Amino acid sequence: MQIVSYEPALSKVWNDLVLFSRNATFLLDRRFMDYHSDRFTDVSLLFYRGKRLLGLLPASAHGTSVVSHGGLTYGGFVLAADAHAQDVGEMLEAAAEYYRARGFNELTIKPIPAIYHSYPSDDELYWLYRHGARLTARGLSSAIRFDVAIPFSTLRMRKVQTARAAGLMVEETADATDFHEYWEVLTEVLQKRHQHRPVHTIDEILRLRDSFPENIVLFVVRRPRDRKIVGGTLLFLTLEVAHAQYIAASDEGRETGALDLLFYHVIGDLRESSMHYLDFGISTEDAGRYLNEGLNFQKEGYGARSVVYDAYTVGL
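Keep in mind it's a predicted model, so treat the numbers as computed, not measured.

1. Description of the overall build of the protein
Looking only at helices and strands, the protein features ten helices and 17 strands. Relative to the 2.2 N^0.38 estimate, which gives 20 Å for 316 residues, the radius of gyration of the protein is 20 Å and therefore close to what a compact globule would have. Structurally, the protein occupies a C-alpha span of about 65 × 35 × 35 Å along its principal axes. Each of the 316 residues in the protein was classed as buried or not, and the buried ones make up 53%. For the protein, restricting intrachain contacts to residue pairs at least 6 apart in sequence, the fraction spanning at least 24 positions comes to 73%. Of the roughly 14,800 Å² of accessible surface on the protein, a fraction of 51% belongs to carbon and sulfur atoms.

Shown next, in the form of C-alpha coordinates:
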(Lines give C-alpha, C1' and ligand atoms only; values in the text may rest on other atoms or scores of the structure.)
Protein backbone atom coordinates (compact mmCIF):
# COMPACT_ATOMS: atom_id res chain seq x y z
CA MET A 1 0.00 0.00 0.00
CA GLN A 2 1.52 3.29 -1.11
CA ILE A 3 0.58 6.64 0.44
CA VAL A 4 0.50 10.00 -1.32
CA SER A 5 0.01 13.18 0.71
CA TYR A 6 -2.80 15.33 -0.67
CA GLU A 7 -1.96 18.55 -2.49
CA PRO A 8 -4.23 20.84 -4.54
CA ALA A 9 -2.89 19.46 -7.83
CA LEU A 10 -4.60 16.17 -6.93
CA SER A 11 -8.05 17.70 -6.46
CA LYS A 12 -9.51 16.17 -9.63
CA VAL A 13 -8.15 12.71 -8.78
CA TRP A 14 -9.59 13.10 -5.28
CA ASN A 15 -13.00 14.32 -6.45
CA ASP A 16 -13.31 11.58 -9.06
CA LEU A 17 -12.96 8.91 -6.39
CA VAL A 18 -15.43 10.71 -4.11
CA LEU A 19 -17.96 10.74 -6.96
CA PHE A 20 -17.67 7.02 -7.66
CA SER A 21 -16.87 5.69 -4.19
CA ARG A 22 -19.16 3.32 -2.30
CA ASN A 23 -19.53 5.46 0.81
CA ALA A 24 -18.68 9.15 0.22
CA THR A 25 -20.92 12.20 -0.12
CA PHE A 26 -20.29 15.59 -1.69
CA LEU A 27 -19.11 16.89 1.70
CA LEU A 28 -15.86 15.03 0.96
CA ASP A 29 -15.45 16.77 -2.40
CA ARG A 30 -12.56 19.22 -2.30
CA ARG A 31 -14.79 22.07 -3.46
CA PHE A 32 -16.74 21.59 -0.22
CA MET A 33 -13.86 20.67 2.09
CA ASP A 34 -11.69 23.58 1.05
CA TYR A 35 -14.17 26.40 1.66
CA HIS A 36 -12.67 26.65 5.17
CA SER A 37 -9.17 25.45 4.32
CA ASP A 38 -7.73 28.55 6.02
CA ARG A 39 -9.03 27.24 9.38
CA PHE A 40 -7.48 23.77 9.19
CA THR A 41 -4.08 22.23 8.50
CA ASP A 42 -4.78 19.56 5.89
CA VAL A 43 -3.00 16.21 6.29
CA SER A 44 -5.19 14.14 3.97
CA LEU A 45 -3.91 10.98 2.27
CA LEU A 46 -4.48 8.98 -0.91
CA PHE A 47 -3.86 5.20 -0.93
CA TYR A 48 -2.61 3.35 -3.99
CA ARG A 49 -1.77 -0.23 -4.82
CA GLY A 50 0.31 0.09 -7.93
CA LYS A 51 -1.59 2.55 -10.10
CA ARG A 52 -4.98 1.77 -8.54
CA LEU A 53 -6.37 4.43 -6.22
CA LEU A 54 -8.20 2.42 -3.55
CA GLY A 55 -9.07 5.03 -0.95
CA LEU A 56 -8.78 8.47 0.58
CA LEU A 57 -8.51 9.75 4.14
CA PRO A 58 -9.70 13.36 4.58
CA ALA A 59 -7.84 14.61 7.64
CA SER A 60 -6.74 17.70 9.55
CA ALA A 61 -4.07 18.25 12.18
CA HIS A 62 -4.95 19.45 15.69
CA GLY A 63 -1.83 19.75 17.82
CA THR A 64 -0.47 16.22 18.16
CA SER A 65 -3.74 14.67 16.97
CA VAL A 66 -5.11 13.91 13.50
CA VAL A 67 -8.89 14.05 12.98
CA SER A 68 -10.82 12.75 9.99
CA HIS A 69 -12.08 15.43 9.58
CA GLY A 70 -12.04 18.29 12.07
CA GLY A 71 -14.17 20.59 9.94
CA LEU A 72 -16.77 18.07 8.79
CA THR A 73 -19.64 16.13 10.33
CA TYR A 74 -17.94 12.88 9.35
CA GLY A 75 -14.80 11.66 7.61
CA GLY A 76 -13.11 8.28 7.68
CA PHE A 77 -11.89 6.25 4.74
CA VAL A 78 -13.45 6.99 1.35
CA LEU A 79 -13.41 3.66 -0.48
CA ALA A 80 -13.25 2.67 -4.12
CA ALA A 81 -15.66 -0.03 -5.25
CA ASP A 82 -12.79 -2.48 -5.75
CA ALA A 83 -11.21 -1.89 -2.32
CA HIS A 84 -11.43 -5.04 -0.18
CA ALA A 85 -11.54 -5.42 3.59
CA GLN A 86 -7.85 -6.38 3.75
CA ASP A 87 -6.99 -3.26 1.74
CA VAL A 88 -8.72 -1.07 4.31
CA GLY A 89 -6.77 -2.75 7.11
CA GLU A 90 -3.56 -1.92 5.28
CA MET A 91 -4.73 1.66 4.73
CA LEU A 92 -5.24 2.14 8.47
CA GLU A 93 -1.83 0.64 9.27
CA ALA A 94 -0.13 2.76 6.61
CA ALA A 95 -1.88 5.93 7.83
CA ALA A 96 -0.90 5.22 11.44
CA GLU A 97 2.74 4.70 10.44
CA TYR A 98 2.71 7.86 8.31
CA TYR A 99 1.27 10.09 11.04
CA ARG A 100 3.38 8.53 13.80
CA ALA A 101 6.54 9.27 11.80
CA ARG A 102 5.47 12.92 11.67
CA GLY A 103 5.08 13.28 15.42
CA PHE A 104 1.34 12.71 15.88
CA ASN A 105 0.26 10.53 18.79
CA GLU A 106 -3.41 9.75 18.04
CA LEU A 107 -5.83 9.44 15.15
CA THR A 108 -9.56 10.12 15.51
CA ILE A 109 -11.90 8.88 12.80
CA LYS A 110 -15.55 9.88 12.43
CA PRO A 111 -16.93 7.20 10.08
CA ILE A 112 -19.59 8.11 7.53
CA PRO A 113 -22.87 6.72 8.99
CA ALA A 114 -24.09 3.63 7.18
CA ILE A 115 -27.29 5.26 5.89
CA TYR A 116 -25.10 7.42 3.62
CA HIS A 117 -23.32 4.45 2.02
CA SER A 118 -24.30 3.54 -1.52
CA TYR A 119 -22.86 0.06 -0.90
CA PRO A 120 -21.85 -1.71 2.35
CA SER A 121 -18.69 -0.03 3.67
CA ASP A 122 -18.16 -0.82 7.35
CA ASP A 123 -14.63 -2.13 6.73
CA GLU A 124 -12.94 0.55 8.83
CA LEU A 125 -15.10 -0.23 11.89
CA TYR A 126 -13.68 -3.74 11.95
CA TRP A 127 -10.08 -2.59 11.63
CA LEU A 128 -10.51 0.16 14.23
CA TYR A 129 -11.70 -2.53 16.62
CA ARG A 130 -8.70 -4.71 15.73
CA HIS A 131 -6.37 -1.80 16.51
CA GLY A 132 -7.94 -1.15 19.91
CA ALA A 133 -9.67 2.09 19.01
CA ARG A 134 -11.76 3.72 21.74
CA LEU A 135 -15.27 5.03 21.14
CA THR A 136 -14.75 8.68 22.12
CA ALA A 137 -18.02 10.28 20.92
CA ARG A 138 -21.49 9.09 19.97
CA GLY A 139 -23.98 11.64 18.69
CA LEU A 140 -27.63 10.62 18.46
CA SER A 141 -29.39 11.65 15.25
CA SER A 142 -32.89 10.85 14.00
CA ALA A 143 -33.80 9.66 10.51
CA ILE A 144 -36.82 8.61 8.47
CA ARG A 145 -36.78 5.84 5.89
CA PHE A 146 -39.22 6.91 3.20
CA ASP A 147 -40.50 3.54 1.99
CA VAL A 148 -41.61 2.42 5.46
CA ALA A 149 -42.01 5.79 7.18
CA ILE A 150 -43.69 5.86 10.59
CA PRO A 151 -46.63 8.32 10.48
CA PHE A 152 -46.55 11.70 12.21
CA SER A 153 -47.68 11.62 15.83
CA THR A 154 -51.09 13.04 16.78
CA LEU A 155 -49.41 16.12 18.29
CA ARG A 156 -47.39 16.83 15.15
CA MET A 157 -50.44 16.40 12.90
CA ARG A 158 -52.37 18.87 15.04
CA LYS A 159 -49.55 21.35 14.46
CA VAL A 160 -49.75 20.69 10.71
CA GLN A 161 -53.44 21.56 10.81
CA THR A 162 -52.66 24.72 12.79
CA ALA A 163 -50.17 25.79 10.12
CA ARG A 164 -52.65 25.11 7.33
CA ALA A 165 -55.34 27.10 9.13
CA ALA A 166 -52.89 30.01 9.39
CA GLY A 167 -52.38 29.83 5.62
CA LEU A 168 -48.64 29.09 5.85
CA MET A 169 -46.96 28.08 2.59
CA VAL A 170 -43.91 25.87 2.00
CA GLU A 171 -41.62 26.65 -0.93
CA GLU A 172 -38.29 25.50 -2.29
CA THR A 173 -36.24 28.53 -3.31
CA ALA A 174 -32.90 29.21 -4.98
CA ASP A 175 -33.23 33.01 -4.69
CA ALA A 176 -30.23 34.59 -2.96
CA THR A 177 -32.56 37.17 -1.38
CA ASP A 178 -34.50 34.34 0.31
CA PHE A 179 -31.24 32.83 1.54
CA HIS A 180 -30.31 36.15 3.12
CA GLU A 181 -33.74 36.57 4.71
CA TYR A 182 -33.75 33.03 6.08
CA TRP A 183 -30.20 33.42 7.44
CA GLU A 184 -31.41 36.44 9.41
CA VAL A 185 -34.21 34.33 10.93
CA LEU A 186 -31.79 31.49 11.65
CA THR A 187 -29.17 33.77 13.22
CA GLU A 188 -31.74 35.45 15.46
CA VAL A 189 -33.10 32.09 16.64
CA LEU A 190 -29.65 30.64 17.34
CA GLN A 191 -28.53 33.73 19.24
CA LYS A 192 -31.74 33.94 21.27
CA ARG A 193 -32.06 30.25 22.16
CA HIS A 194 -28.48 28.93 22.09
CA GLN A 195 -26.22 32.00 22.27
CA HIS A 196 -24.27 31.19 19.11
CA ARG A 197 -24.27 31.89 15.40
CA PRO A 198 -24.52 29.60 12.34
CA VAL A 199 -21.26 27.79 11.62
CA HIS A 200 -21.47 28.97 7.99
CA THR A 201 -21.82 32.61 7.10
CA ILE A 202 -24.38 33.48 4.45
CA ASP A 203 -21.58 34.19 1.97
CA GLU A 204 -20.07 30.75 2.60
CA ILE A 205 -23.42 29.03 2.14
CA LEU A 206 -24.09 30.86 -1.10
CA ARG A 207 -20.64 29.93 -2.42
CA LEU A 208 -21.23 26.28 -1.51
CA ARG A 209 -24.71 26.40 -3.06
CA ASP A 210 -23.21 27.79 -6.26
CA SER A 211 -20.66 24.94 -6.31
CA PHE A 212 -23.29 22.27 -5.57
CA PRO A 213 -26.64 23.58 -6.87
CA GLU A 214 -28.11 20.07 -7.12
CA ASN A 215 -27.05 19.15 -3.59
CA ILE A 216 -27.82 22.21 -1.46
CA VAL A 217 -31.42 23.45 -1.46
CA LEU A 218 -33.44 25.74 0.79
CA PHE A 219 -37.04 25.19 1.85
CA VAL A 220 -38.84 28.05 3.58
CA VAL A 221 -42.21 28.58 5.22
CA ARG A 222 -43.97 31.89 4.47
CA ARG A 223 -46.92 33.61 6.07
CA PRO A 224 -49.60 34.50 3.52
CA ARG A 225 -50.18 38.21 3.97
CA ASP A 226 -46.67 39.44 3.05
CA ARG A 227 -44.69 36.25 2.25
CA LYS A 228 -42.40 36.85 5.20
CA ILE A 229 -40.26 33.80 6.03
CA VAL A 230 -41.16 32.35 9.43
CA GLY A 231 -39.28 29.04 9.22
CA GLY A 232 -37.16 26.83 7.05
CA THR A 233 -34.36 24.32 6.62
CA LEU A 234 -31.38 23.82 4.37
CA LEU A 235 -31.18 20.34 2.84
CA PHE A 236 -27.92 18.66 1.86
CA LEU A 237 -28.95 16.09 -0.76
CA THR A 238 -26.70 13.05 -1.19
CA LEU A 239 -27.20 9.85 -3.15
CA GLU A 240 -29.00 8.09 -0.29
CA VAL A 241 -29.91 10.78 2.24
CA ALA A 242 -31.39 14.25 2.53
CA HIS A 243 -29.77 15.84 5.57
CA ALA A 244 -31.69 18.70 7.19
CA GLN A 245 -29.30 21.46 8.24
CA TYR A 246 -30.06 24.69 10.04
CA ILE A 247 -33.67 24.02 11.00
CA ALA A 248 -35.27 27.13 12.52
CA ALA A 249 -38.55 28.94 13.05
CA SER A 250 -39.26 32.44 14.34
CA ASP A 251 -41.49 32.89 17.39
CA GLU A 252 -44.45 33.32 15.05
CA GLY A 253 -43.43 30.22 13.11
CA ARG A 254 -43.22 28.15 16.29
CA GLU A 255 -46.66 29.28 17.43
CA THR A 256 -48.24 28.42 14.08
CA GLY A 257 -46.59 25.04 13.45
CA ALA A 258 -44.29 26.16 10.64
CA LEU A 259 -41.76 23.35 11.03
CA ASP A 260 -44.44 20.67 11.24
CA LEU A 261 -45.94 21.82 7.94
CA LEU A 262 -42.44 22.16 6.47
CA PHE A 263 -41.43 18.56 7.16
CA TYR A 264 -44.84 17.16 6.26
CA HIS A 265 -44.35 18.80 2.86
CA VAL A 266 -40.64 17.93 2.49
CA ILE A 267 -41.13 14.27 3.40
CA GLY A 268 -43.95 14.01 0.87
CA ASP A 269 -41.71 15.47 -1.85
CA LEU A 270 -38.67 13.35 -1.01
CA ARG A 271 -40.72 10.17 -0.96
CA GLU A 272 -40.84 10.47 -4.76
CA SER A 273 -37.06 10.85 -5.08
CA SER A 274 -34.39 8.15 -5.40
CA MET A 275 -33.14 8.87 -1.86
CA HIS A 276 -34.01 6.54 1.00
CA TYR A 277 -33.63 8.64 4.16
CA LEU A 278 -34.20 12.06 5.70
CA ASP A 279 -31.67 12.69 8.46
CA PHE A 280 -32.58 15.43 10.95
CA GLY A 281 -29.09 15.62 12.45
CA ILE A 282 -27.91 15.07 16.01
CA SER A 283 -29.82 16.13 19.12
CA THR A 284 -26.81 15.73 21.42
CA GLU A 285 -24.01 17.88 22.79
CA ASP A 286 -20.74 17.28 24.63
CA ALA A 287 -19.70 14.30 22.44
CA GLY A 288 -23.09 12.70 23.05
CA ARG A 289 -23.13 12.95 26.84
CA TYR A 290 -26.12 15.32 26.78
CA LEU A 291 -29.36 14.58 24.91
CA ASN A 292 -31.78 17.42 24.15
CA GLU A 293 -34.84 15.34 24.92
CA GLY A 294 -37.34 17.93 23.71
CA LEU A 295 -35.63 18.25 20.33
CA ASN A 296 -35.33 14.47 19.99
CA PHE A 297 -39.00 14.08 20.92
CA GLN A 298 -40.01 16.54 18.18
CA LYS A 299 -38.02 14.65 15.53
CA GLU A 300 -39.45 11.32 16.65
CA GLY A 301 -42.89 12.89 16.32
CA TYR A 302 -42.19 13.15 12.58
CA GLY A 303 -41.57 9.39 12.49
CA ALA A 304 -37.77 9.54 12.78
CA ARG A 305 -35.75 6.98 14.74
CA SER A 306 -32.17 6.84 15.95
CA VAL A 307 -28.94 6.82 13.97
CA VAL A 308 -25.56 7.29 15.68
CA TYR A 309 -22.64 9.46 14.61
CA ASP A 310 -19.52 7.93 16.16
CA ALA A 311 -15.90 8.95 16.65
CA TYR A 312 -13.13 6.44 17.35
CA THR A 313 -9.64 7.26 18.56
CA VAL A 314 -6.61 5.01 18.13
CA GLY A 315 -3.23 5.67 19.73
CA LEU A 316 -0.27 5.88 17.38
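2. Structural notes on helix α4 (residues 123–130)
The complete set of buried residues in α4 reads D123, E124, W127 and L128. In an axial view of α4, the angular spread of the buried residues amounts to 125°, which keeps them on one side of the axis. Buried residues belonging to α4 abut β7 (78–79), α3 (85–101), β8 (106–109) and β17 (305–315). One or two residues past the end of α4 sits G132, with phi positive at roughly 75°.

3. Describing the pattern of salt bridges
Within this structure, the stated rule accounts for 20 salt bridges. Close ionic contact of R30 with D42 constitutes a salt bridge, the shortest N to O distance being 2.9 Å. One end of the pair, R30, is in helix α2 (residues 30–33); the other, D42, is in strand β2 (residues 41–42), with twelve residues separating them in the sequence. Among the residues examined, R30 registers a relative accessible area of 3% and is labelled buried.

4. Section: the sheet that holds strand β4 (residues 52–57)
The strand order β1-β3-β4-β7 describes an open sheet built from four strands, whose pairing is antiparallel. Looking at which strands have only one partner, the edges of the open sheet turn out to be β1 (2–5) and β7. Pairing of β1 with strand β3 (residues 45–49) involves four bridges; the strand directions are antiparallel. Across the sheet, residue I3 finds its bridge partner in β3, namely F47. Each of β3, β4 and β7 touches helix α1 (residues 11–20); the most contacted strand, β4, lies at about 90° to it. Across the sheet, α3 lies against β1, β3, β4 and β7, angled at about 130° from β3, the strand it touches most.

5. Here's the deal with the environment of L291
Mapped onto the fold, L291 is located in strand β16 (residues 290–291). Note: C-alpha distance between L291 and G139 (152 residues apart in sequence) is 8.7 Å.

6. With respect to the sheet that holds β17
In sheet architecture, strand pairing relies on hydrogen bonds along the backbone and comes in two forms, parallel and antiparallel. In space, the eleven strands of this open sheet follow the order β2-β5-β6-β8-β17-β9-β14-β13-β12-β11-β10, with mixed pairing throughout. Edge strands, defined here as strands with exactly one partner in the open sheet, are β2 and β10 (169–173). With five bridges connecting them, β10 and strand β11 (residues 216–222) associate as antiparallel partners. Each residue of the ladder has a partner; that of E171, found in β11, is V220. Packed onto the sheet, helix α6 (residues 176–194) meets β10, β11, β12 (229–237) and β13 (241–249) and runs at close to 105° relative to β12. Helix-sheet contacts for helix α9 (residues 258–270) involve β9 (134–145), β10, β11, β12, β13 and β14 (277–282), and the interaxial angle to β12 is about 35°.

7. Side note on the packing of α6 against helix α7 (residues 202–211)
Close contact between α6 and α7 brings their axes to 10 Å; oriented N to C, the two are set at 140°. Handedness of the α6/α7 crossing: right-handed. Judged by residue contacts, A176, F179, H180 and W183 of α6 engage I202, I205, L206 and R209 from α7. Looking at side-chain class alone, the contact of α6 with α7 contains six nonpolar, one polar and one charged residues.

Definitions and limits used
Residues numbered from 1 in each chain as written. Predicted model: local features only at pLDDT ≥ 70, side-chain atom pairs only at ≥ 80, totals over all residues. Heavy atoms only, no water. Helix = DSSP H or I, 4+ residues; strand = E, 2+ residues; numbered from the N terminus. Rg over C-alpha atoms; globule rule 2.2 N^0.38 Å. Buried < 20%, exposed > 50% of the residue type's maximum accessible area, 1.4 Å probe, protein only. Contact = heavy atoms within 4.5 Å. Areas by Shrake-Rupley, 256 points an atom, 1.4 Å probe, with all protein chains shown as cover. Arc of directions from axis to C-beta. Salt bridge = Lys/Arg side-chain N within 4 Å of Asp/Glu carboxyl O. Pairing = 2+ DSSP bridges. Axes fitted to C-alpha atoms, helices over the stretch in contact; angles between N-to-C directions. Left-handed = near helix turned anticlockwise from the far one by under 90°. Nonpolar A, V, L, I, M, F, W, Y, C, P; charged D, E, K, R; others polar.

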